[in-house]
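In case you want the letters, here they are:
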Amino acid sequence: ALFRASVHGKLRIMFPMITGVDQLLAAKKMVDEVKDDLRRRNVAFDESVPIGAMVEVPAAVMIADHLAGHCDFLSVGTNDLIQYCLAADRTNVRTAHLYQPIHVAVLRMLKHTLDAADAAEVPCSICGEMAGDASLTELLLGLGFRTLSMSSASLPAVRAEIANTHIPTAKRLAQKIMGLETTDQIRDQIRQRYEQRDTLGRLRSGQASEAT
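Just so it is clear, the structure is predicted and the values come from calculations on it, not from any experiment.

J.: Just checking my understanding: could you explain the overall build of the protein for this structure?
T.: Helices and strands together make up the secondary structure of the protein, namely 10 helices and five strands. Overall size of the protein, expressed as C-alpha extent along the three principal axes, is 65 × 45 × 35 Å. Split into buried and exposed, the 212 residues of the protein put 39% on the buried side. Restricting the contact set of the protein to residue pairs at least 6 apart, pairs at least 24 apart contribute 62%. Accessible surface computed for the protein: about 12,000 Å², of which carbon and sulfur atoms make up 53%.

Here it is as structure tokens:
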């Protein structure tokens, strides 16, 4: 059905919960079988549909370089990755406080995945609640992400942050944060930076109004 729909618009296929190259190759083999079947039946489809993998478990992060070699793109699924990385169920009130998107280990996993994708010259996006958190936009851009996927409600705030982000400054912020040791230190740094950017934004808006 996906391939039959591919003639009507752009389509990408991404496999979730990949934990090993063997799983990815098995999934891609199924894709080839579907293509062969469609060809035999003379059903039109796009031969060049990109195939990717979701990086949402620590195992996938550790072999991101291998996965990237077999994919057209990668996407980091932060919701599950954070949960599995920190052994913290975000829906359980007794463990939800352990679910920390800005935990040092989580940020290192994001950077490790990005580096692997860059080395393989494969695009890597990020999705989940973390991608839709405007207070983290500058950090994510500084780490190297250029494609963020989120719910429509988060788009205006994140779009505004992207428009006001200076990439060299974002890279320096990311480098500084990656050198911190605790979640509290990282949270304080992000809060200070976000408040500073908000203040600068209001000042610029006021100056623009006066000029008008």
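J.: What should I look at first to understand the packing of aromatic side chains in this one?
T.: Any aromatic ring pair is given by two values, namely how distant the centres are and how the planes are angled relative to each other. This structure, assessed with the given rule, holds one aromatic pair. Their ring planes at 85 degrees and their centres at 5.7 Å tell us that F3 and F45 sit as a pair that is edge-to-face. Within this pair, whereas F3 is found in helix α1 (residues 2-5), its partner F45 is found in the loop between α2 (21-40) and β2 (51-55), the two being separated by 42 residues in sequence. The exposure classification of F3 matches that of F45, with both residues buried. The residue whose ring lies beneath R12 is F73, and the NZ or CZ to ring-centre distance is 4.0 Å.

J.: Any chance you could explain the layout of surface pockets here in plain terms?
T.: Rolled over the atoms, a probe as big as a water molecule pinpoints where empty space is left. Approximately 220 Å³ is the volume found for the second largest pocket. Lining the second largest pocket are 15 residues, with P101, I102, D133, S135 and L136 sitting closest to its centre. When residues of the lining of the second largest pocket are traced back to their parent elements, those giving at least two are α5 (78-86) and α10 (183-211). Its residues assigned to classes, the lining of the second largest pocket comprises seven nonpolar, four polar and four charged.

Procedures and definitions
Residues numbered from 1 in each chain as written. Predicted model: local features only at pLDDT ≥ 70, side-chain atom pairs only at ≥ 80, totals over all residues. Heavy atoms only, no water. Helix = DSSP H or I, 4+ residues; strand = E, 2+ residues; numbered from the N terminus. Buried < 20%, exposed > 50% of the residue type's maximum accessible area, 1.4 Å probe, protein only. Contact = heavy atoms within 4.5 Å. Areas by Shrake-Rupley, 256 points an atom, 1.4 Å probe, with all protein chains shown as cover. Phe/Tyr/Trp six-rings, centres within 6.5 Å; stacked < 30°, edge-to-face > 60°. Lys NZ or Arg CZ within 6 Å of the ring centre and 35° of its normal. 1 Å grid on protein atoms, 1.4 Å probe; cavity = no way out; pocket = protein on both sides within 12 Å on 5 of 7 lines; lining within 4 Å. Points joined across faces, edges and corners; volume = space filled by probe spheres on them. Nonpolar A, V, L, I, M, F, W, Y, C, P; charged D, E, K, R; others polar.

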